[in-house]
Amino acid sequence: MTILQMRFCEFLRHRRESLGLAQKVIAEAISVDVPMYSRYERGQRPLKEEYIPLIASKLKVSCSTLRQMWIADKIFNFVSGEENVKQILNIVADNIIDSINE
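Because the structure is predicted, anything quoted here is derived from the model rather than measured.

Draft legend 1. Looking closely at the pattern of salt bridges. Under the definition given, this model contains six salt bridges. Note that Asp 73 and Arg 7 form a salt bridge whose closest N and O atoms lie 2.5 Å from each other. Pair noted here: Asp 73 is in helix α5 (residues 63–79) and Arg 7 is in the segment before α1 (8–18), with a separation of 66 residues, a long-range link. One salt bridge connects Arg 16 with Glu 41, and the closest N-O pair in it is separated by 2.5 Å. Linking Arg 16 in helix α1 with Glu 41 in helix α3 (residues 34–41), this pair joins segments that are 25 residues apart in sequence. With relative accessibility at 7%, the residue Arg 16 sits in the buried group. For Glu 41, a relative accessible area of 6% translates into the label buried. Each of Arg 13, Arg 16, Glu 17 and Glu 41 takes part in salt bridges that share partners, so that together they form one network.

This is how it looks when you write it as structure tokens:
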């Protein structure tokens, strides 16, 4: 599994653990308590966008990559229960491509 195939919350935990960092290190960087940060890693609470650069720095990943994963996870959470997810995402992708080409 590549980084971009992981869910955002899974990546946060995996990367932090691979660097040998305690949750407390990340929690302090974004000024939240450890239980709150733990909820982010378990996918129980949505992470605020403003935290992405701070977390990216601590996890030694690019802010751009972490933000892409965060956005992808938001989209996943929004459409995951829909019947025609593939068709919905294809429509969105087509609309984005059309708007870029205008």
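Draft legend 2. Main features of the packing of aromatic side chains. Counting across every chain of the model gives two aromatic pairs. A centroid spacing of 6.4 Å and a plane angle of 80 degrees characterise the contact between Tyr 37 and Tyr 40, whose relative ring orientation is edge-to-face. With Tyr 37 and Tyr 40 both in helix α3, this residue pair falls three residues apart, about one helical turn. A single burial state applies to Tyr 37 and to Tyr 40, both of which are buried. For the pair Tyr 40 and Tyr 51, a centre-to-centre distance of 6.1 Å together with 55 degrees between the ring planes defines the contact as tilted. Of this pair, Tyr 40 sits in helix α3 while Tyr 51 sits in the loop between α3 and α4 (52–59), and the two are 11 residues apart along the sequence. With respect to class, Tyr 40 is no different from Tyr 51; both count as buried.

Quick notes on the rules
- Residues numbered from 1 in each chain as written.
- Predicted model: local features only at pLDDT ≥ 70, side-chain atom pairs only at ≥ 80, totals over all residues.
- Heavy atoms only, no water.
- Salt bridge = Lys/Arg side-chain N within 4 Å of Asp/Glu carboxyl O.
- Helix = DSSP H or I, 4+ residues; strand = E, 2+ residues; numbered from the N terminus.
- Buried < 20%, exposed > 50% of the residue type's maximum accessible area, 1.4 Å probe, protein only.
- Phe/Tyr/Trp six-rings, centres within 6.5 Å; stacked < 30°, edge-to-face > 60°.

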